Amino acid sequence: MMKTMLFASAATLFVSTAAIAAAPVASSNTLKDEYQDVEQREYVPFVASDGLDAARGPNGPAGGYVVQSFEGISQYNVAAYGRNFIPPDTMGAVGNTQYSEFVNGGFAVYSKAGGGVVKATSDVAFWQAAGQSSANGDTRVAYLKDSNRWMALSFGASTSNIQIAVSDTSNAAGTWKSTIFTGYAGGTADYPTLGIDKNAVYIGTNNFNANGNFRGTTLNVIPLASLVSAVAPTTTGITQFVTPYDPVNGGADGGFAIQGVNSDSGNPTGHVLAVSLFNADTIRYDVSNAGTPGAAKVNAVYIGTAGYDGNGAGRQPNAVADAFPNATFPDNNRVIDTLDDRYGSAVFEQNGRIYAVHTVTPTGTDFTVVRYEVIDAATNAILDEGDIGDGAHDFYQGSINVNSHGQVVIAYNRSGSNSLDGNITFAAQVFSTGIGGLLTARGGEQVLKVSLIDDYHNGSIAGRVAAGRQRWGDYSSVTLDPTDGRSFWAIGEFAREYNNPAGGHPGGTGGSRWGTWISELNVGTTVPEPGSWAMMIAGFGIIGAARRRQRRLESASA
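Residues numbered from 1 in each chain as written. Predicted model: local features only at pLDDT ≥ 70, side-chain atom pairs only at ≥ 80, totals over all residues. Heavy atoms only, no water.

Peer 1: So what exactly am I meant to see when it comes to the overall build of the protein chain here?
Peer 2: When helices and strands are counted, the protein chain shows 6 helices and 35 strands. Counting only residues that meet the buried cut, the protein chain has 57% of its 558 residues in that class. Expressed as a percentage of contacts within the protein chain between residues at least 6 apart in sequence, the contacts between residues at least 24 apart total 59%. Carbon and sulfur atoms make up 54% of the accessible area of the protein chain, which amounts to about 20200 Å² in all. (Helix = DSSP H or I, 4+ residues; strand = E, 2+ residues; numbered from the N terminus. Buried < 20%, exposed > 50% of the residue type's maximum accessible area, 1.4 Å probe, protein only. Contact = heavy atoms within 4.5 Å. Areas by Shrake-Rupley, 256 points an atom, 1.4 Å probe, with all protein chains shown as cover.)

What follows is the structure, given as structure tokens:
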């Protein structure tokens, strides 16, 4: 069942006050438990002196769809900058000749030809060079194909503020300029997202007060023209749609981790996707006249996704404990934070269809999966919905992209308790979009990087019980090469070696550390996709009909 949600508006600040009248499941407007904690990263000091070049591991082998792979920034690198955080919030994008990466604590630029390091520095140094005083992570980055420039956002020196930087040229290692705005005054504008279309930039935030209590969400819609100004980026014309949450009386369902849909269609109406605050479902709505003073939030509905439960921790082998089940070794087999059901990565539209992934646990099961959804952008109908999972591993931290041919790449992490195939693995699958929006898998799983250890528990000492929340992610990313529409670039997290002297880290204190991995997959093929086969068959029919008609005309005139 879908109901329309109406919104009140005033000037450039819009406050949503009306909830969706009915949800597909019973709801008391009680916030999901997993949404009640602010997602700020944790600073963990330790000794390390590796530079980016010295710390990078060997490139991975090519094969299948994989053209090349190389290691990105690791926790050892950001520690060398004095910026050591958990989790990395892995984020990257591909441009004309470069790949740029941001993590909590670091920024790097690589050559697309082989992954050589063009530039590497701390995130603070990057933002200071762009005109801001500091940075606090949660960075997103995108390449603007139309203007051949880069765009990035992160927290400002205060987590109340969101700062946006735009490069002056297509060279990510060159100069950038920036602007800043208040996302949530007096608190944290947490988990800022980034979506871009021809008219506007969309930044969603989850808002927490100074005590860390969830207080609602904001969708910030900024005219794209203001941010790509020839002089310097500004937020002139910004519209902020605020949906408050009242822990006593509930409130409107404005969604969580709001994602503006990336699109190059030129449609003046922007699209937005988010998971419900209260139910196991997805909210879709539009922003009419996006990027203008008349921007309005309209047509909000639940789309009726398949049901699911809350996510548990991800499994991993912990071979030492498994080998001695009666001993007192710590049991770290199931501690990896798979996050929740939010759409954590960017969402994309192609050919009138919206493509998205998130991590869920299908109802009645105990393993997380990466669920993909293909949604009709005009009608909100779910054209296809499926789970990437196998009942033996946990799948999580997914990301997606799609090209104009309907070819799709979904990247993700998976892990399990099997010591032969359980280490946290960064992998991807390729799909094609057929008639009606149905996805068909092509070529099987592409293993991009297997973690170097089997017992990841970041922030605590190897061989001991995992201490604290074992954060993973919180992002991964798949971006489409602007110079090759069949080349996809994926970035994700893996677990590096233990930080101890035996592992080559003098003065190291123990536990495992994160690394990031970048892979290029090219889906070019001479074999027609399912949609192409149908078009070819239909084309053969049309050609045959035309030839029969021509023969009849020739017979009639004989």
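Peer 1: Explanation requested: the sheet that holds strand S10 (residues 149-155) in the structure shown.
Peer 2: Pairing between sheet strands relies on hydrogen bonds along the backbone, with the strands arranged either parallel or antiparallel. With respect to topology, 4 strands assemble into an open sheet ordered S9-S10-S11-S12, the strand pairing being antiparallel. Looking at which strands have only one partner, the edges of the open sheet turn out to be strand S9 (140-144) and strand S12 (176-182). Across the sheet, the mean angle from the axis of one strand to that of its neighbour is 20°, orientation sign disregarded. Here S9 runs beside S10; their pairing, made up of 5 bridges, is antiparallel. When the bridges of S10 are listed, Tyr143 appears paired with Trp150. (Pairing = 2+ DSSP bridges. Axes fitted to C-alpha atoms, helices over the stretch in contact; angles between N-to-C directions.)

Peer 1: Please clarify how the sheet that holds strand S32 (residues 439-450) should be interpreted in this entry.
Peer 2: With respect to topology, 4 strands assemble into an open sheet ordered S29-S30-S31-S32, the strand pairing being antiparallel. On the outer flanks of this sheet lie strand S29 (394-402) and S32, each paired with one strand and no other. In this sheet, adjacent strand axes meet at a mean angle of 20° when their direction is disregarded. Of the strand pairs in this sheet, S29 and strand S30 (residues 407-415) are connected by 7 bridges, and their pairing is antiparallel. Pairing of Asn401 across the sheet is with Val409, part of S30.

Peer 1: Would you explain unusual backbone geometry in this entry?
Peer 2: With the exception of glycine, most residues fall at negative phi, and the peptide bonds are largely trans. With an omega of -5°, the peptide bond between Ile86 and Pro87 qualifies as cis. Inspection of the secondary structure puts Pro87 in the loop between strand S4 (85-86) and strand S5 (91-94). Between Gly473 and Asp474 the backbone carries a cis peptide bond, its omega angle lying at 0°. Positionally, Asp474 belongs in the loop between S32 and strand S33 (477-480). The backbone of Ala257 sits at a positive phi, close to 55°, despite the residue not being glycine. If you trace the backbone, Ala257 turns up in strand S18 (residues 256-262). For Ala257, a relative accessible area of 0% corresponds to the buried category. At Gln397, a residue that is not glycine, the phi angle is positive and equals roughly 55°. Along the polypeptide, Gln397 turns up in strand S29.

Peer 1: Help me understand the pattern of salt bridges, please; the structure alone is not making it clear to me.
Peer 2: In total, this model carries 17 salt bridges according to the counting rule given. The salt bridge involving Asp394 is made with Arg315; its shortest N-O contact spans 3.0 Å. Of the two residues, Asp394 sits in strand S29 while Arg315 sits in strand S23 (residues 314-315), which places them 79 residues apart along the sequence. Asp394 sits in the buried class, given a relative accessible area of 1%. Residue classification places Arg315 among the buried residues on the basis of a relative accessible area of 11%. Across the pair Asp387 and Arg371 runs a salt bridge whose closest N-O atoms are separated by 2.7 Å. (Salt bridge = Lys/Arg side-chain N within 4 Å of Asp/Glu carboxyl O.)

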